[in-house]
Amino acid sequence: NAPVTSFTKGLFLPDKDVMEYNPFLLNQHDEIAENVMMYLNGMETRLFDAHLQVKGSQKMYEDNDCDNKLDKKKDSESLLPLIADGLIRLEACVQRRYLKPPFREKSLDVKKEGSDESGKEITSAEEPLALTKWRMAVGDAKSASQLGVCMNELEKNIAWEKSPMKVFCVICRTGDNESLLLLCDNCDRGTHTYCCKPKLESIPEGDWYCHDCVINASRKSVCNVCETARGILLHSTECPKVIHKRCHNPPLTRIPIGPWQCSECRRQTRRSKPTRS
């Protein structure tokens, strides 16, 4: 029969007592702990290589430091506190906008342009319950296998696909000059500093929001092209863009019936569809 699992703080984790009935698993505890430690180190490297970490964060271990830790503490009981601490610290390094629901609230409040320059990330008033339960599960874990489950849970709730390294500018449609490519803190779309209107001379400090999101947050329905509210405005269902039919590229001759996507959203949809072999 399959071993019974217990619901620990919101996560299904294997019971250590159940595992100890299996001599093979008992002998593999040390190897499991070492593998989890090495995988955790690899996850940290991926996070920093993808530029998903909070600005100013530093890596916990260099590549050779992880091997040194394993050489000094080979038994699983000694490695458990290191793994648990590493998981908590790694989760704290992830920028909140790169966490997926339920580790992040589905909607975030957008500040108006120039409202606050503290540089703090926009977060909901209350921490997501799933994230709180995950942290409690890490603290209560009694085996490397339980910490491995927590690590997998964190990994699948990180939006790796939203890495700035994969973002392109929505204006010039290129991913060149990555150091000058801004990422909107609300919609995660990219814009070069020199493509902004007006152009930006440097990377702004703190959070930054694109033109579309600023207009959307102002609660005023104005065209994203001509910035006027006169006439009939079309609202895209896939992005916060609002536009006149005459300002659309190419101009529209009639008002669309039903849900409507702007030309940019349609291009992205076509790109995401798999091509026929």
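Calculation rules
- Residues numbered from 1 in each chain as written.
- Predicted model: local features only at pLDDT ≥ 70, side-chain atom pairs only at ≥ 80, totals over all residues.
- Heavy atoms only, no water.
- Axes fitted to C-alpha atoms, helices over the stretch in contact; angles between N-to-C directions.
- Helix = DSSP H or I, 4+ residues; strand = E, 2+ residues; numbered from the N terminus.
- Parallel < 35°, antiparallel > 145°, perpendicular 65-115°, else oblique.
- Left-handed = near helix turned anticlockwise from the far one by under 90°.
- Contact = heavy atoms within 4.5 Å.
- Nonpolar A, V, L, I, M, F, W, Y, C, P; charged D, E, K, R; others polar.
- Core = buried A, V, L, I, M, F, W, Y, C linked by side-chain atoms within 4.5 Å.
- Buried < 20%, exposed > 50% of the residue type's maximum accessible area, 1.4 Å probe, protein only.
- pLDDT = per-residue confidence, 0-100.
- Salt bridge = Lys/Arg side-chain N within 4 Å of Asp/Glu carboxyl O.
- Expected span 1.5 Å × (residues − 1).
- Arc of directions from axis to C-beta.
- Phe/Tyr/Trp six-rings, centres within 6.5 Å; stacked < 30°, edge-to-face > 60°.
- Lys NZ or Arg CZ within 6 Å of the ring centre and 35° of its normal.

Their axes nearest at 9 Å, the elements helix H3 (residues 29–49) and helix H7 (residues 144–156) cross at an angle of 20°. Of the possible angle classes, the one that applies to H3 and H7 is roughly parallel. The handedness of the crossing between H3 and H7 comes out as left-handed. Here His29, Ile32, Ala33, Val36, Tyr39, Leu40, Met43 and Arg46 of H3 come into contact with H7, specifically with Ala144, Ser145, Gly148, Met151, Leu154 and Glu155. A class-by-class count of the residues in the contact of H3 with H7 yields 9 nonpolar, 3 polar and 2 charged.

So, about the nonpolar core. Ranked by size, the top nonpolar core spans 39 residues in total, and within it Leu47, Ile83, Leu87, Trp134, Leu147, Leu154 and Ile158 carry the most contacts. Looking at this core, the elements with two or more residues in it are H3, helix H5 (76–93), helix H6 (129–140), H7 and strand E3 (181–183). When residues of this core are assigned to their parent elements, the largest contribution, 8 residues, is made by H5. Val242, Ile243, Cys247 and Cys265 belong to the second largest nonpolar core, which has 10 residues in total.

Attention now goes to the environment of Cys196. Locating Cys196 in the fold gives a position in the loop between strand E4 (190–192) and helix H8 (211–217). Assessed through its relative accessible area of 11%, Cys196 is described here as buried. Once the C-alpha coordinates of Cys196 and Leu182 are considered, the two residues, 14 residues apart in sequence, prove to be 9.5 Å apart. Excluding anything up to four places from it in sequence, Cys196 contacts Leu182, Thr191 and Trp208.

What follows covers the confidence of the model for the protein chain. On average, the protein chain scores 75 in pLDDT, and the residues at 70 or more come to 72%. Within the protein chain, H6 carries the highest mean pLDDT (94), whereas strand E1 (residues 5–8) carries the lowest (36). Note that residues 1–24 has pLDDT below 50 and, in this model, 44 contacts with residues that lie over four places away or in other chains.

On to the pattern of salt bridges. Tallied over the entire structure, the rule returns 7 salt bridges. Each member of the salt-bridge network shares a partner with another, and the members are Glu91, Arg96, Glu127 and Arg135.

With that settled, the discussion passes to the side chain of Arg104. With respect to the element layout, Arg104 can be found in the loop between H5 and H6. The residues touching Arg104, leaving out its near neighbours within four places in the chain, are Arg96, Arg97, Tyr98, Leu99 and Pro128.

Let us look at H6. Its 12 residues place the ends of H6 16 Å apart at the C-alpha level, agreeing with the 16 Å of an ideal helix rising 1.5 Å per residue. Taken as a whole, H6 has its buried residues at Leu131, Trp134, Ala137 and Val138. Axial view of H6: buried residues confined to an arc of 120°, hence all on one face. The exposed set on the far side of H6, more than 90 degrees from its buried face, consists of Leu129 and Gly139.

Let us now look at the packing of aromatic side chains. Summed over the entire model, instances satisfying the criterion amount to 1 aromatic pair. A cation over a ring is seen here: Arg46 above Trp160, with NZ or CZ 4.0 Å from the ring centre.

Following both chains from N to C, one finds H6 and H7 inclined at 155°, their axes separated by 9 Å at the closest point. Taken together, H6 and H7 sit at an angle that is classed as roughly antiparallel. Considering only the axes of H6 and H7, their crossing is left-handed. Packed against H6, whose contacting residues are Trp134, Ala137, Val138 and Asp140, the element H7 presents Gln146, Leu147, Cys150, Glu153 and Leu154 at the interface. By residue class, the composition of the contact of H6 with H7 is 6 nonpolar, 1 polar and 2 charged.

Let us look at unusual backbone geometry. In this chain, Lys197 is followed by Pro198 through a cis amide linkage whose omega measures -5°. Of note, Pro198 is situated in the loop between E4 and H8. Positive phi, normally seen in glycine, also occurs at His51, with a value near 60°. With respect to the element layout, His51 can be found in the loop between H3 and helix H4 (63–72). A relative accessible area of 41% places His51 in the partly exposed class. The phi torsion at Arg173 lies on the positive side, around 65°, for a residue other than glycine.

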